[in-house]
Structures are given as C-alpha cells and as structure tokens.
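Structural overview for review
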Amino acid sequence: MAILEQLTSQQAIELEKNYGSNTYHPLPVVLSRGEGVYVWDVDGKRYYDFLSAYSAVNQGHCHPKIVGALIKQAQTLTLTSRAFYNDMLGKYEKYACEYFGFDKLLPMNSGAEAVEAAIKICRKWAYEVKGIKENAAKIIVCNKNFHGRTTTIVSFSSDNVANKNFGPYADGFINIDYNDLDALENVLKTHSNIAGFLVEPIQGEAGVYVPDEGYLMKAKALCKQYNVLFIADEVQTGIARTGRLLATCGNCTCANKDCSEAPDVKPDILILGKALSGGVYPVSAALANNNIMGVLTPGTHGSTFGGNPMAAAVAIAALEVIKEEKLAENADKLGKLFRSKLNKYIETSNICKLVRGKGLLNAIVINDTEDSDTAWNICLALRDNGLLAKPTHGNIIRFAPPLVMTEEQLLDCVSIITKTLQAFE
Ligand SMILES: *Cc1c(COP(=O)(O)O)cnc(C)c1O
C-alpha cells in the first residue's frame, strides 16, 4: 500500500488495530484534515472538534501563523541538541518568562516530561534550599489526578487502570482528596518533610472538577506558611482554556476583572504543555523563579529535543496568537454562554444532570451509572450530527472546543448538543 493512498475509515481503523499498541479506545471516526474549529473525516464530512486534542489545539487546527512559524524554522534549523547554543531558544525563554511572569523556563516536550521535571526541581529544592534530610522528601498530590503516563506519575495515580501491574511504584508521594483544604493542612501540620503540593487547578481528565471558590488561593497560602512549593499542573487548564491566561491566574492580564483568584495564586512552579504549541508540535515547559530553578545545574536534567529551535519558534507564535486573538476573553464569554444555554436545557432534561466548567473547559454529567454506555452512545450520535466529543470516566462528557470559535458557531454547537440529547430523553 502506497503511503499516500487515501484510506477508507475502515482500512485506517483496521491498520491501527493490527499494527498499533492497544492503548486508546477512539471514537470510530477517521480524521484527515483540520482548520480552525473544524475537522474533516476521510469521506469529507465536517465536524466541530469539541475535544481540541485535550486542549492542545486552543488556537484552532492548523493555525496559519503557527504553521507558518513551523515551516519557516523547519527550512532553517530544526535541531542542534543542547550541546551547542541555538539562536531561537533564548528568545523563546525570554518571551515566555515575561509572558507568564517567571524568572526561568525549563523546556521539555511532553506534558508528562514537564511534570517529571517539576518533581525533580521540587525535590532538589527541598534538599538543597529547605534542608530536608536526603531521600525523605514527600510531595502531596490529589486523588483522581491526571499528570501523565510515566512510571513515577502513574505511581501516585488513583486510577487503577493507569497503574495496575506497573509497579513497583515510586516512593515519596502522599495522596489527599482534591478540593479538601483540611486534608492539605493536616498533612502539612503532621509532616516536616513536605517538599511540594502538585495540583491541577481544575481536574480535567477526571471529569472537569472545578474546586470551590478560593481553594487554590488558600492552598497556596498554606503552602507558603509551611514553606512548601505550590506546583500547578496547567497542561490542560493553561493558555486561555478556562477564560484566563492561566487557571491559577499567575501574571494574568485576562478580561475577567472580578476574578477572585488573582493575583495571589501564582504557582512556585508552573507546568505547561499542550496549547503551548497550538497542537502543531510537542512543546512543554516548567517555569519557576531563580530561587527554585537555580537548583538545577549542568547534568541534572535535559532532553535531546527539549528547547530545539522548531519548538521555540512554534511556541512563540502559539503564545502570540493567544494574545492577538484575545482567546482568553473569548473563552470566558463563550463559556458563560455555553453553560447558560445548557443549564436552560437541563431544567427540563432527564438524561443530563448538570454542566460544569470554566471558560471553554466544560463537561456534562449523563444521568446513568458510571459503567453504562449511554455517554458513549451519545458521543456516537453527536458524531453523526457533526460534533466530536468523548466521554471521560463513564458518564461524563467533556466539551472543550478550540478557543477561536465564534458566538454563532457556539450556538450552532449548542443546538447540535441539545438536539442529540433530546433523542436520548
Ligand atoms: C495531558 C496532561 C498531561 C500529560 O501531557 P502529555 O503531553 O500527554 O504527556 C499532564 N497533566 C495534565 C493536567 C494533562 O491534561
């Protein structure tokens, strides 16, 4: 079979089934093109993308400015390794540090790698700055977390499918419930060897769990009180997704003026990935100030591709698009509209119990048991009606379209979603 031959959906699915490792359970739709808020399947049918590659494509599919930066850099210099300097990395580091308000950036590729890097920075800081006894440092993490798929990260996952038979597990983590300040304070009070608290500002993968108002601010204050690093995993929530530049707000200059979390919830370590590249290239980063990032020295961390010139060029363009197109403001506005429209539908619905979220990171909860296939069937029907979404954890459907959506398109999507739900009432 020639590489360029156009496959049918069935052929493409068969190939993955026969030759790919079986680690995903995709909705049966085979995509071959994307532009803005739309993707097209191999038969030319158009869909609204309501997942955005788990918020990697916030800037929309194939954004011309980001793709342009990629092409230009690809024709100039792609990779030098960090054995030598390149003329793009420093530019990007300065741009991103000023953009998010940190002294230093550590460039990596995948989200999980950036989380791993943050864990390493946190531990080294604990031994060398805080003065915890060697090998005794613990990091507090939350139940139902999702931070990636590496062996260390799955060691503290509470998802049995994610970690069963991948032991022995990495030591040094204490799990507490999400959105539980008493649990956090209790661990901080009773342990003297805590190095950090690693948390998602909204638990996206778990089903878009939004914590109580003020939770992040109070958690950060507790961390400060006990000299513990507050580490925000904003791989999914960051970069305009929740209606602000960051869900923790950080150096935020968002439109949301009554934002109660700002600006005190600046993380000690900020973890970014996904939309940092607008979905065109794997780019991730951990950011921190000098007193923390300073613990890393040559040889203590690295990555062959981390900080390569293509990644740098792409990330600068991707971040510029966020500001130029005011995507945080748009996500804030459309998110409110989306939830108000769905809440109106839910008033008289039996099949849908609630909608929750912030900005354009939302989820609906389907009124059925967690192990039922109703949410899956609704997603198949949504697909047939021209909108792609996927259940996350049984009866929850996440809705996270690209942030370049217009109000008219969003209203069209609301009508597709409500019409589809109607058929299941
Ligand atoms: C997706 C995600 C990750 C992992 O990113 P990868 O690029 O898949 O390694 C980590 N944390 C959060 C919150 C995520 O959503």
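Not measured: the values here are computed from a predicted model.

1. Focus on empty space enclosed by the protein
Considering all chains together, one arrives at two cavities of 30 Å³ or more under this definition. The volume enclosed by the second largest cavity comes to roughly 30 Å³. Together, Asn145, Phe146, His147, Gly148, Arg149, Ile153, Val154, Ser157 and Ala162 line the second largest cavity.

2. A few points about the packing of helix 3 (residues 64-74) against helix 11 (residues 309-324)
For the pair helix 3 and helix 11, interaxial distance at closest approach is 8 Å and the crossing angle is 160°. If you check the angle between helix 3 and helix 11, you find them roughly antiparallel. With respect to the hand of their crossing, helix 3 and helix 11 are arranged in right-handed fashion. Between helix 3 and helix 11, the residues in contact are Lys65, Ile66, Ala69, Leu70, Gln73 and Ala74 and Pro309, Met310, Ala313, Val314, Ala317, Ala318, Glu320, Val321 and Glu324, respectively.

3. Quick word on the pattern of salt bridges
Applying the stated rule across the entire model yields nine salt bridges. One salt bridge in this structure joins Arg33 and Glu35, with 4.0 Å as the shortest N-O distance. Close ionic contact of Lys94 with Glu98 constitutes a salt bridge, the shortest N to O distance being 3.1 Å. With Lys94 and Glu98 both in helix 4 (residues 89-100) and four residues apart, the pair spans about one turn of that helix. Salt bridges here are not isolated pairs; linked through shared partners, they connect Lys65, Glu320 and Glu324.

4. Concerning helix 9 (residues 215-225)
Every buried residue of helix 9 is accounted for by Tyr215, Leu216, Ala219, Lys220, Leu222 and Cys223. Across the axial projection of helix 9, the buried residues extend over an arc of 160°, all falling on one side. Residues of helix 9 that are exposed and point more than 90 degrees away from the buried face comprise Lys224 and Gln225. Considering only its buried residues, helix 9 is in contact with strand 5 (138-142), helix 8 (181-190), strand 7 (194-199) and strand 8 (229-233). A positive phi of about 55° marks Asn227, the residue just after helix 9.

5. With respect to the layout of surface pockets
Empty space within the second largest pocket amounts to approximately 670 Å³. Looking at the second largest pocket, it is lined by 22 residues, and the ones nearest its centre are Arg82, Leu89, Glu93, Leu106 and Pro107. Mapped onto the lining of the second largest pocket, the elements with two or more residues apiece are helix 4 and strand 4 (104-108). Per-element tally for the lining of the second largest pocket: the top contributor is strand 4, with five residues. Of the residues in the lining of the second largest pocket, the class split is eleven nonpolar, eight polar and three charged.

6. Some details on the site of the ligand
Near the ligand you find Ser110, Gly111, Ala112, Phe146, His147, Gly148, Glu200, Asp233, Val235, Gln236 and Lys274, and these make up its full shell. Phe146 places a main-chain nitrogen or oxygen 3.4 Å from a nitrogen atom of the ligand. The side chain of Lys274 places a nitrogen or oxygen atom 2.7 Å from an oxygen atom of the ligand. Coverage of the ligand by the protein amounts to 81% of the 380 Å² it exposes when considered alone.

7. What about the environment of Asn291?
Looking at the secondary structure, you find Asn291 in helix 10 (residues 290-293). Not counting residues up to four positions away in its chain, the partners in contact with Asn291 are Trp125 and Val129.

Cut-offs and rules
Residues numbered from 1 in each chain as written. Predicted model: local features only at pLDDT ≥ 70, side-chain atom pairs only at ≥ 80, totals over all residues. Heavy atoms only, no water. 1 Å grid on protein atoms, 1.4 Å probe; cavity = no way out; pocket = protein on both sides within 12 Å on 5 of 7 lines; lining within 4 Å. Points joined across faces, edges and corners; volume = space filled by probe spheres on them. Axes fitted to C-alpha atoms, helices over the stretch in contact; angles between N-to-C directions. Helix = DSSP H or I, 4+ residues; strand = E, 2+ residues; numbered from the N terminus. Parallel < 35°, antiparallel > 145°, perpendicular 65-115°, else oblique. Left-handed = near helix turned anticlockwise from the far one by under 90°. Contact = heavy atoms within 4.5 Å. Salt bridge = Lys/Arg side-chain N within 4 Å of Asp/Glu carboxyl O. Buried < 20%, exposed > 50% of the residue type's maximum accessible area, 1.4 Å probe, protein only. Arc of directions from axis to C-beta. Nonpolar A, V, L, I, M, F, W, Y, C, P; charged D, E, K, R; others polar. Near = heavy atom within 4 Å. Polar contact = N/O pair within 3.5 Å; in protein donor to acceptor, adjacent residues only side chain to side chain. Areas by Shrake-Rupley, 256 points an atom, 1.4 Å probe, with all protein chains shown as cover.

Interpretation in functional terms is not warranted from these geometric data alone.
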